[in-house]
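Results of the structural survey
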Amino acid sequence: MPYINFSEDDLYRANTADLAAYLERRGERMKKVGSTYKYLYTDGGGTHDSVTIHGGKWYDHKNRRGGYAVKFLQEFFGFSFQDSVIELLGGHRSAQTVCSAPRETPNPVEKPFELPEANSDMRRVFAYLTKQRFIDPKIISYFAHEHKIYEDGKYHNVVFVGTDKNGTPKQASVRSTLSFGKTFRITVANSDTKYSFSHFGNDEKLFVFEAPIDMLSFITLYQKDWQQHSYIAMNGVYESAVLKALESHSDLQSVYLCTDNDEGGIEAAERLRDILVEKGYTEIFRIAPREKDWNECLRQLHGVEYLPAVPHERMKLYLQSVSELNEMKINPNRMANDLIAAYNSADRIRLAEFCVAASEHFLKISGVDFPLDMMKNRLTAEYKCYQDKGSIPVKLGKLQSAVKVGLEQLRKPSQTATELKITARKLYDIADRALRLSTEETLVHRAEQKQTSEEVPSCEPQFYQAMSL
């Protein structure tokens, strides 16, 4: 293909193309989350949803990289710069774009995984980990002698190496050691993400962390018999390395989820717990750092500025709403009409209380005593914050669907005991959906209040739709 000297206008149009719409036309898997999209892709480590897309911009939270549409096609599909621009323009170039003489382009060759070249010493890395991160020097020395931590020769970054059970490097992540400016963390190209920075001892305990520095910080804080335990850093919040470690070390039975004490870490712990339960593991424990992460705990201990824990506001609000639910008297003879009235009131808490009371009623006549406190306990136990996603319109749609299904069930005559339990479950589901929507509405209201101290008239439509008989 001849070399093309693209005009500034063409480059601008390519980079600001609707990336989500382009990917959907290609048949790629996308997931809408509010005003953004998540790109779902699969590599050697499994399926990931770490890439957020908005317009022509994207960001990969797993590998801490991002850019515009042209770079996306280069990074994820292996396109050349020229092919990326042409693809995004749909072949429609402006008159200012000039084609030059053709030049041969070599066939792309996938490079094997290679560790960055090591520096002759690791003085900068050692200083960074001890003086800025407060990691115990003995811990650093141990992993350095195991060839799992070293300093790269070109940029003097710290390299954390993940090996297989034979000690062969399979994965590596790189972190800058700068004490100023913008820091970065990347995974080395062609890493096998089924492996990660880790240590395996000889007892049954596995401690799981988001990042290598979290893991080293925890070991620094709790050094007693540490080499007997096993530790692994996920390089984010993905489970492939953890599952591979458990598969390769059958003696590991107790898993301690030590992810960050913020929204991402809390959701990762819940999601990983559910995955492990599905795999048959029963001894799963959550150990949350008192501050945002384990290194922040070390910083606090050394009397320097640190980041405190960040509560999961959505989960906190939902659980608070559950705890504050009150008893409500219901009329069994007009259940459907009262359900519609409760929905149309737009009072989500009232709707939840009505449905919990109605669910309790149907369980009771089916022969099951399940009072309000037990309903609250079930709502609390079954809530999964990592699954509670979506904007107000999305959650309103789910509530509407649940109400319609509940009404259909309520209108069935002469229900058997089994059918009564199904009706109770449908009403319970409405309560759950109402509480989730109420939570989202509260969060959005709070965010709007924080945006500006001045009153700005909202042009947002009221997401409300009445339901009739």
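Since the structure is predicted, the reported quantities are computational estimates derived from the model, not experimental observations.

1. Re the overall build of the chain
Of regular secondary structure, the chain possesses 16 helices and 16 strands. For the chain, with 469 residues in total, the buried portion stands at 46%. A fraction of 67% describes how many contacts in the chain between residues 6 or more apart in sequence connect residues 24 or more apart. Summed over all atoms, the accessible surface of the chain reaches about 25100 Å², with 50% contributed by carbon and sulfur.

2. Examining the sheet that holds strand β9 (residues 158–163)
Spatial strand order, β8-β9-β10-β11: four strands in an open sheet with antiparallel pairing. Of all strands in the sheet, those with a lone pairing partner are β8 (149–151) and β11 (185–187), marking the two edges. Put simply, the sheet's adjacent strands are angled 25° from each other on average, direction ignored. One ladder, built from three bridges, connects β8 with β9; its direction is antiparallel.

3. Section: the environment of His-61
Mapping His-61 onto the fold places it in the loop between β5 (57–60) and β6 (65–68). Each C-alpha atom of the pair His-61 and Asp-49 lies 9.0 Å from the other, and the pair is twelve residues apart in sequence. Those residues within four positions of His-61 in sequence are excluded, and the remaining contacts are Ser-50 and Thr-52.

4. Thoughts on the sheet that holds strand β14 (residues 230–233)
Ordered in space as β12-β14-β13-β15-β16, the five strands form an open sheet in which the pairing is mixed. For this open sheet the edge positions go to β12 (198–199) and β16 (283–286), each flanked by a neighbour on one side alone. Here helix α7 (residues 212–221) sits on the sheet in contact with β12, β13 (205–209) and β14, set at roughly 150° to β14. Docked against the sheet, helix α9 (residues 263–278) engages β13, β15 (254–257) and β16, running at close to 175° with respect to β16.

5. Comments concerning the packing of helix α13 (residues 348–365) against helix α14 (residues 372–382)
It is the contact of α13 with α14, at a shortest axis distance of 10 Å, that shows an interaxial angle of 115°. One element, α13, and the other, α14, form an angle in the roughly perpendicular class. At the point where α13 passes α14, the crossing takes the right-handed sense. Contacts between α13 and α14 involve Val-356, Ser-359, Glu-360 and Leu-363 from the first element and Leu-372, Met-375 and Leu-379 from the second. For the contact of α13 with α14, the residue count by class is five nonpolar, one polar and one charged.

6. Regarding the pattern of salt bridges
In total, this model carries 23 salt bridges according to the counting rule given. Across the pair Arg-13 and Asp-10 runs a salt bridge, and its minimum N-O distance is 2.6 Å. Taken together, the residues span about one helical turn, with Arg-13 and Asp-10 both in helix α1 (residues 8–15) at a distance of three residues. Here Arg-290 makes a salt bridge to Glu-291, at a shortest N to O gap of 3.7 Å. Beyond isolated ion pairs, a larger network of salt bridges with shared partners links Arg-314, Asp-388, Lys-395, Asp-432, Arg-436 and Glu-440.

Basis of the calculations
- Throughout this description, residue numbers start from 1 for each chain and increase along the sequence as written.
- It should be noted that, the model being predicted, local features are given only for residues of pLDDT at least 70 and side-chain atom pairs only at 80 or more, the latter also being counted only at that level, while totals for whole chains, interfaces and linings use all residues.
- Side-chain numbers come from the whole structure's heavy atoms, not from hydrogens or water.
- Note on conventions: DSSP H or I runs of at least 4 residues are helices, E runs of at least 2 residues are strands, and numbering of each starts at the N terminus.
- Each residue's exposure class comes from its accessible area (1.4 Å probe, protein chains only) as a fraction of the maximum for that residue type: buried when under 20%, exposed when over 50%, partly exposed otherwise.
- Note on contacts: a residue pair is in contact if any heavy atoms of the two residues lie within 4.5 Å.
- The method behind every accessible area is Shrake-Rupley, applied with a 1.4 Å probe, and residues are considered shielded solely by the protein chains displayed.
- For two strands to be treated as a pair, DSSP must find at least two bridges joining them.
- Between N-to-C directions, angles span 0 to 180 degrees; the directions come from axes that are lines fitted to C-alpha atoms, helices contributing only their stretch in contact.
- Here the word oblique covers every angle except those under 35 degrees (roughly parallel), over 145 (roughly antiparallel) and from 65 to 115 (roughly perpendicular).
- It is the rotation of the near helix from the far one that decides the hand of a crossing: anticlockwise by less than a right angle makes it left-handed, clockwise makes it right-handed.
- Classification used: nonpolar for Ala, Val, Leu, Ile, Met, Phe, Trp, Tyr, Cys and Pro, charged for Asp, Glu, Lys and Arg, polar for all others including Gly.
- Take a side-chain nitrogen of Lys or Arg and a carboxyl oxygen of Asp or Glu: if they are within 4 Å of each other, that pair is a salt bridge.

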